[in-house]
Amino acid sequence: MLSRTAENLYWLARYVERAEYLARTIDATLRVTALPAAYIGKTNEWDSALLTAGVAASFYQAYEEANEHNVVEYLSFSPNNPSSIRNCIEAARLNSRSVRTALTSEMWDTINSAWIELQAVWSKGTSTREDLAKFLRFVQETSLRFDGSAYRTMLRNDAYWFSRMGVHLERADNTARILDVKYHVLLPEEEHVGGPLDFYQWSSILRSVSALTAYHWVYRETLKPWLIADLLILNDTLPRSLASCYGNLVRNLDQIGVAYGRQGPAQRHARGIRNRLEHSNMNDIFQHGVHEFIQEFITDNSRLGEIITKQYLI
Amino acid sequence: MAVAFDEMNIPGGDLRPAYQELARWLKETPAEALEYRRQEAELLFRRIGITFAVYGDSESTERLIPFDVIPRIMSGKEWTLLEKGLKQRVRALNMFLRDIYHGRDILRAEIVPDDLIFQNPVFRPEMNGQQVPHDVYVHIAGIDIVRVDAEDFIVLEDNARTPSGVSYMLENREIMMRLFPDLFARHKVAPVERYPDELLAALRSVAPQSASGEPTVALLTPGVYNSAYYEHSFLADKLGIELVEGRDLIVKNNEVFMRTTEGLKRVDVIYRRVDDDFLDPLTFRPDSVLGVPGLMSAYAAGNITLANAVGTGIADDKAIYSYMPDIVKFYLGEEPILKNVPTWRCREPKDLAYVLDNLSELVVKEVHGSGGYGMLIGPAATKATIEAFRDKLKREPEGFIAQPTLALSTCPTCTTSGLAPRHVDLRPFVLTGSKSTTIVPGGLTRVALKEGSLVVNSSQGGGTKDTWILDE
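A quick note: this is a predicted structure, and the numbers were derived from the prediction, not measured. (Residues numbered from 1 in each chain as written. Chains lettered and ligands numbered in written order. Predicted model: local features only at pLDDT ≥ 70, side-chain atom pairs only at ≥ 80, totals over all residues.)

Side note on the overall build of chain A
The number of helices and strands found in chain A is 16 helices and 0 strands. Compactness check: chain A gives a C-alpha radius of gyration of 19 Å against a globular reference of 20 Å for 314 residues, within 12% of the reference. Taking the principal axes of the C-alpha coordinates as reference, chain A spans close to 55 × 50 × 35 Å. In chain A, which comprises 314 residues, the proportion classed as buried is 46%. Taking all contacts inside chain A whose residues are at least 6 apart in sequence as the whole, residues at least 24 apart take part in 70%. (Helix = DSSP H or I, 4+ residues; strand = E, 2+ residues; numbered from the N terminus. Rg over C-alpha atoms; globule rule 2.2 N^0.38 Å. Buried ≥ 20, exposed ≤ 12 C-beta atoms within 10 Å, placed from the backbone. Contact = placed C-beta atoms within 7 Å.)

Structure (structure tokens):
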């Protein structure tokens, strides 16, 4: 397939995944900030929402204060934020248009309808909480529909694999970022174990990666920080965990390698990261520092993005 | 202006035979049901994303072409005549191009004046003596046809460069079949869906000799911002070929390759929807970012076929148009089956004088214009507009031709006040390969939705209709 087509498919999937992640982040932050101050401590949750979205620096160039109004506006609708939900959907549509021939009609319909709704219904943003909740649901449903139609209708060939790679690379990045911002509340050596403050912080993390229910099924335990870290980093049964993302990335890259009859640095690099995740346990990770581990992962992950681009997309 | 010929109703209350079943159906169908399906059709078009861009219109860069659900119907007999005329015309166009870029017999015979060719910006000296496979220059032609009475078909314009609109022909039918299955059950409508197959076969048949047994065809688009981008992606999809942009292609050793995830892959035939000017920045406009550097040298080396060929603009130029009946006679020794609109060439003093005296009754067109821009419709223009045009005409008479305002035929069309006659034209698509010329029955009917308007261009408020050729 054309390199440009592969590139568009890959980025299309990344944009949709990113839009969903932003919607979940806003949703989770709304829940935490709705609690009485005693439950959430002094941290500014809207500020950390910006950090997990990786846009804090550009936000503060345009705004003074990270409050609900400003952050929701910036993350959801701002034309000046290149990765606002609105821009993600618009970029996704533009990418879809350039690769229409590689998309199934169901996938095109999903993105095109979302883009039409974005303009018809959400062009002025949202004015009430109720509206916002509707908007966030619309974004998440778009992503689910896109994912589902890709899964159900695409031929299992390189087009599919490049698109899946976009999903998993973006997803790994998002999960790692939320861990990076929130790692301090996961540290086990803190004296207060399981106070109400932490409980709501923890459930917020899980909610933003849609893993709150999954946690209970996997561990059958009350929320414990190291188990949350274990779930998000090492447990490959959770679709948004780093381990699961890398299991999938390695598989997709191998499928491409087999189809093309050769492999390269992308396959090797992805396998390296997966092996590290497979051979780690939470004790070692906490010993060596969660923060360092995550930082290193984020660098490695974006490096894989660069290698894939060089090997296939240009 | 005389009352226009209506394709359905004969004055006095009778119906033309091809429309009898439709008229019965319309009588049985309540107005609300028709309106409901009209809305349904619009929804479908928007969801499928069949849009076009209007240049210079920043507010809505993507618009829908209005679709009218009442089909335009022609009898098989009418089509047979039209088809014969179209094939004749396209054969002549191809022979004319071959001649212009080789022996130039027609110039020596003084049928067409030299300066119309050599001083014409769309003449491409690069094509002099250049062989094109099977001498086919115009692989895809869109010939614009109008009617003024029940007998004749008149060519309004030949489109021999990169004619568009065929995706609407195909999608209109698709949507009509979805919305009006009952109507199709009552008519025997000749299908159009084999167009993509015939196009692919035609393109493959003209692959260069150096191509492999299974030639690779690609569609070259200027990109997503082009007004016809939807059509480009639609056709690439239906043909099962790659939709490439200039940056996807690279020329090495006079061969053309596309960049793929598995490395470079040779391309043999390019169905290009990029104008000559932008094809190769090394040969034509150096500022073009849409083209492929070196493409013309690969073309000269005979390693790539471009469809349509470079330089076909010289055949569909409005200045050449008025010579088409003579061109047909010169190459084929036959009387032209399709008529021309009588045309005054403003470059000729006698014609100019007549045109200047009768501006308020004529349509004056720029020789190099398209899309309905830059033309004067005398009967509809204000005095001031006419006077402004008169000055333009005097300054540069060779840039214009003039034609009488034709009373284009009308077809029943949905309007806010029920069914009413609206003016229509027809663009059939003529495919020429190495062995044969084919036309799927029908084409794109464009309709001027405004009452009394004669401008059918989509950029100026025109709509489209499904075109039915009855298989009797």
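Some details on the overall build of chain B
Along the backbone of chain B there are 16 helices and 23 strands. Radius of gyration (C-alpha) of chain B: 23 Å, near the 23 Å computed for a compact globule of 472 residues. Taking the principal axes of the C-alpha coordinates as reference, chain B spans close to 65 × 55 × 50 Å. The contacts of chain B with a sequence gap of at least 6 include a subset with a gap of at least 24, amounting to 68%.

Quick look at helix α5 (residues 68-76) of chain A
What α5 of chain A keeps buried is the set Val 71, Val 72, Tyr 74, Leu 75 and Ser 76 of chain A. Considering only its buried residues, α5 of chain A is in contact with α1 (3-33), α3 (45-53), α4 (56-62), α6 (85-98) and α8 (129-153) of chain A.

Comments concerning the domain arrangement of chain A
All names here are of chain A. Along its sequence, chain A is carved into domain 1 (1-154) and domain 2 (156-314). Taken together, the contacts link 29 residues of domain 1 with 25 residues of domain 2. Mapped onto the side of domain 1 that touches domain 2, the elements with two or more residues apiece are α1, α2 (37-40) and α3. A total of 17 residues in the side of domain 1 that touches domain 2 trace back to one element, the largest contributor, which is α1. Its residues placed into classes, the side of domain 1 that touches domain 2 shows 17 nonpolar, 6 polar and 6 charged. (Domains from an automatic or database assignment. Nonpolar A, V, L, I, M, F, W, Y, C, P; charged D, E, K, R; others polar.)

Concerning the packing of helix α14 (residues 265-278) of chain A against helix α16 (residues 290-313) of chain A
Residues and elements named next belong to chain A. Viewed as axis vectors pointing N to C, α14 and α16 meet at an angle of 165°, and their least axial separation amounts to 9 Å. Classified by the angle their axes make, α14 and α16 are roughly antiparallel. When you trace α14 past α16, the crossing you get is left-handed. When α14 is examined against α16, the residues Pro 265, Ala 266, His 269, Ala 270 and Ile 273 are found in contact with a partner set consisting of Asp 300, Arg 303, Leu 304, Ile 307, Ile 308 and Gln 311. Classifying every residue of the contact of α14 with α16 gives 7 nonpolar, 2 polar and 2 charged. (Axes fitted to C-alpha atoms, helices over the stretch in contact; angles between N-to-C directions. Parallel < 35°, antiparallel > 145°, perpendicular 65-115°, else oblique. Left-handed = near helix turned anticlockwise from the far one by under 90°.)

What to know about the interface of chain B and chain A
Every contact between the two is made by 17 residues of chain B and, on the other side, 18 residues of chain A. Elements represented by at least two residues in the side of chain B that touches chain A include exactly α2 (31-48), α9 (229-239), β7 (242-244) and β9 (255-260) of chain B. Of the residues in the side of chain B that touches chain A, the class split is 5 nonpolar, 4 polar and 8 charged.

Structural notes on the confidence of the model for chain A
Confidence in the prediction for chain A averages 90 pLDDT; 95% of positions are at 70 or higher. At the low end of the mean pLDDT range in chain A sits α2 of chain A, at 66; at the high end sits helix α13 (residues 242-260) of chain A, at 97. (pLDDT = per-residue confidence, 0-100.)

Points about unusual backbone geometry
Residue and element names in this part refer to chain B. With an omega of 0°, the peptide bond running from Ala 307 to Asn 308 counts as cis. Structurally, Asn 308 can be placed in the loop between β12 (305-307) and α12 (313-316). The residue Arg 104 is not glycine, and still its phi comes out positive at about 60°. If you trace the backbone, Arg 104 turns up in the loop between α3 (76-100) and α4 (105-108). What makes Arg 104 partly exposed here is the crowd of 14 C-beta atoms within 10 Å. The residue His 134 is not glycine, and still its phi comes out positive at about 60°.

Looking at the packing of α6 of chain A against helix α7 (residues 105-120) of chain A
All names here are of chain A. Packing of α6 against α7 leaves a shortest axis separation of 9 Å and a crossing angle of 135°. In this view, α6 runs oblique relative to α7, as classed from their interaxial angle. The two elements α6 and α7 cross, and the hand of that crossing is left-handed. Residues Arg 86, Ile 89, Glu 90, Ala 92, Arg 93 and Ser 96 of α6 touch α7, and the partners they reach there are Trp 108, Ile 111, Asn 112, Ala 114, Trp 115 and Leu 118. Residue composition of the contact of α6 with α7, by class: 7 nonpolar, 2 polar and 3 charged.

Things to note about the environment of Ile 111 of chain A
All names here are of chain A. Tracing the chain through its elements places Ile 111 in helix α7. The class of Ile 111 is buried, set by 25 C-beta atoms lying within 10 Å. Along the backbone, Ile 111 and Gly 148 are 37 residues apart, and their C-alpha atoms lie at a distance of 12 Å. Residues within four places of Ile 111 in sequence aside, it is in contact with Ala 92, Arg 93, Ser 96 and Phe 146.

Notes on the environment of Asn 80 of chain A
Summarising the element assignment, Asn 80 of chain A is placed in the loop between α5 and α6. Separated by 18 residues in the primary sequence, Asn 80 of chain A and Ala 62 of chain A have C-alpha atoms spaced 9.0 Å apart.

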